[in-house]
Amino acid sequence: MTRPRVLVAGTGFGRVYLAAFERADFGFELAGILASGSARSRACAAHHDVPLWSTVEEVPDDVDLACVVVGGVMNGGPGPKLSQALMRRGVHVLQEHPLHPDELVACLRAATESGVVFRLNTHYPHVEPVRRFIGAARVLVARQQPLFLDVTCAFQVLYTIFDILGRALGSIRPHSIDGVLAEAPEVPYRSLTGRFAGVPMSFRLQNELVPSDPDNYSHLFHRITLGTDGGHLTLINTHGPVQWSMRPHMPGDMRELVRFGDSAAPHLMVPSVEHLGPAPGASYSEVLRELWPHATARAITTAWDEVQSGADSRGHVQYHVALAKLAMRVSEACGPVRLRHPKAPPELLVASDLLEVPA
């Protein structure tokens, strides 16, 4: 069978999409690259041995799906306009996040008028440790009522964490933002309370940015704890690990025992903390070489499956409009992003740096 032909627009984060085509198990053909013609874009096209197009008009009619990895109004890019122009050419579109709600609605209109499928990709739900967390969370909430959420994220990934939560809990409503806690200006995080899918939520946002290096200086991307009666499930970091912590519960037979350790309760024999999947998080080399390209491969495959099934774009866009509005409310509640200007890059440490040196 002929493999679907895919266009990648943009070679910034678009390089993560391009890396998916180097996977031996990926059933798609890279048709070409749509970009402004920078030296980087020319090098990417030469590396992948595909055409480099600079306008939508140059794109041939045999392209089946376009991955538009170019931002919108929130980061000064023409991504949504490219998506709409491609859809009017009859090309299905997978657009990388984030988009403003008005841009999402405009893309839905173009998709509906052209009879094509439009999908927004928030990337991180397709990253393997996050997928593992989402899958475990779905099993957990099917068995026990969620009692609380404790969420931490960086400003750059604010939108994406709500998509992760929505997938994990199977719903986003009712949601609310109750208020921001007062904190000193120099504190990196802004803390607020609210609800997501009806679950009480504590939320911390690293509301700061280094303008000269906006992709760096996050303390972490995503950290989520979902609590129930039986314990709590935690995504320690975006790239792992995922942990299950049984709730501390002292058994009834302890009341009459001379020694606590003589209790026969079975749950005392289970580790208090267990890993779901590998115990260490992935190295950043593994993230860039494996986890992220595998995630974009999943996103493309999922989008094409929905094209093949004739999926409608309306419900998908309505979901993301709701998430975009929620992210904007959180951002507004936390106030202006604090701009930082560090004099030197951070000193990056590894765990062995923290171990006491034997005397």
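We now turn to the structure provided with this report. (Residues numbered from 1 in each chain as written. Predicted model: local features only at pLDDT ≥ 70, side-chain atom pairs only at ≥ 80, totals over all residues. Heavy atoms only, no water.)

Let us look at the pattern of salt bridges. Following the criterion strictly, the structure yields 12 salt bridges and no others. Notably, a salt bridge pairs R23 with E290, separated by 3.8 Å at the nearest N-O pair. A residue pair is termed long-range when its members are at least 10 positions apart, and R23 in the loop between α1 (14–20) and β2 (29–34) and E290 in helix α7 (residues 284–308) qualify at 267 residues. Across the pair R167 and D163 runs a salt bridge whose closest N-O atoms are separated by 3.2 Å. In this pair, R167 and D163 both sit in helix α6 (residues 158–169), four residues apart, roughly one turn of the helix. (Salt bridge = Lys/Arg side-chain N within 4 Å of Asp/Glu carboxyl O. Helix = DSSP H or I, 4+ residues; strand = E, 2+ residues; numbered from the N terminus.)

In this model, R173 is joined to P174 through a cis peptide bond whose omega is -5°. Along the chain, P174 falls in the loop between α6 and β8 (176–180). The phi dihedral of D49 is positive, around 55°, even though this residue is not glycine. Inspection of the secondary structure assignment puts D49 in the loop between α2 (39–48) and β3 (52–53).

Take the sheet that holds strand β7 (residues 148–154) next. Here we have eight strands laid out as an open sheet, ordered β8-β9-β10-β7-β12-β13-β14-β15, and mixed in their pairing. Looking at the sheet topology across the chains shown, the edges are occupied by β8 and β15 (273–276). In this sheet, adjacent strand axes meet at a mean angle of 20° when their direction is disregarded. Taken together, the six bridges between β7 and strand β10 (residues 199–206) define a ladder with parallel strand orientation. Within the sheet, the bridge partner assigned to L149 lies in β10 and is M201. Packing of helix α8 (residues 314–334) onto the sheet brings it into contact with β8, β9 (189–196) and β10, and relative to β8 it is tilted by some 10°. (Pairing = 2+ DSSP bridges. Axes fitted to C-alpha atoms, helices over the stretch in contact; angles between N-to-C directions. Contact = heavy atoms within 4.5 Å.)

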